[in-house]
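Structure assessment
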Amino acid sequence: MRKETQSQNIDELISDFSRFYILTILYEGPVHGYSIINQFKKRVKKEISPSLVYPFLQQLEEKGLVIHTQKPVGEKERKIFELTEQGRELCTGLFKRFAELVAIAIEPSMYVCAHCGCKVYEGAYREVIEGNEMAFCCMHCARSYKESKKLAKQVKQ
Ligand SMILES: [Zn+2]
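Our subject in this report is the structure included herewith.

Procedures and definitions
- Residues numbered from 1 in each chain as written.
- Predicted model: local features only at pLDDT ≥ 70, side-chain atom pairs only at ≥ 80, totals over all residues.
- Heavy atoms only, no water.
- Pairing = 2+ DSSP bridges.
- Helix = DSSP H or I, 4+ residues; strand = E, 2+ residues; numbered from the N terminus.
- Axes fitted to C-alpha atoms, helices over the stretch in contact; angles between N-to-C directions.
- Parallel < 35°, antiparallel > 145°, perpendicular 65-115°, else oblique.
- Left-handed = near helix turned anticlockwise from the far one by under 90°.
- Contact = heavy atoms within 4.5 Å.
- Nonpolar A, V, L, I, M, F, W, Y, C, P; charged D, E, K, R; others polar.
- Polar contact = N/O pair within 3.5 Å; in protein donor to acceptor, adjacent residues only side chain to side chain.

Moving on to the pairing of strand β2 (residues 66-73). With 8 bridges joining them, β2 and strand β3 (residues 76-83) adopt antiparallel strand pairing. When the sheet's bridge partners are listed, Q70 is paired in β3 with K79. The antiparallel pairing of β2 with β3 creates a hairpin that spans 2 residues between the two strands, and G74 there sits at a positive phi of about 65°.

Listed below in structure tokens is the structure:
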């Protein structure tokens, strides 16, 4: 029983992730429904069911977040979906919130360059300066840092 509810929760989570991902695809510009499915597969390396995509698009449309236009492709009429202004606003807010969440996970492995102050995610350039291990974004910043330290010392003397 427990296992069942657990896997159900995971399914729900994944479907939420799928919806989130559909929004990122829509955010890039007008897109066919089948193109959403293809792009999803390519990027997430996972199949997504049309039975998830189309009802979700319909829900978005009912809420005024998405509009569709019909365009003939070959012999068929295809629907092209597009975010409305309101839909874009919702996405921007959503992505920002998500970025903040992700930052919590990334922050501990992020370094701030001691020279220019830019943030480096993994692979910081390290050097021991006056007994302290310092992190820089690149060796050039490390050199500039050392030079400015030297200069500061000369000024003091
Ligand atoms: Zn730097």
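After that view of the structure, there is still more to cover.
As a further point, take the packing of helix α2 (residues 33-44) against helix α3 (residues 50-62). Put simply, α2 and α3 touch, their axes get as near as 10 Å, and they point 130° apart. One element, α2, and the other, α3, form an angle in the oblique class. When the axes of α2 and α3 are compared, the crossing they make is right-handed. Here α2 contributes G33, Y34, I36 and I37 to the contact with α3, which in turn contributes P50, V53, Y54 and L57. Of the residues in the contact of α2 with α3, the class split is 7 nonpolar, 1 polar and no charged.

The next subject is the side chain of T24. Relative to the helices and strands, T24 is located in helix α1 (residues 2-27). Within the structure, T24 has its side chain in polar contact with the backbone oxygen of Y21 (distance 2.6 Å).

So yeah, pure geometry; function would need other evidence.
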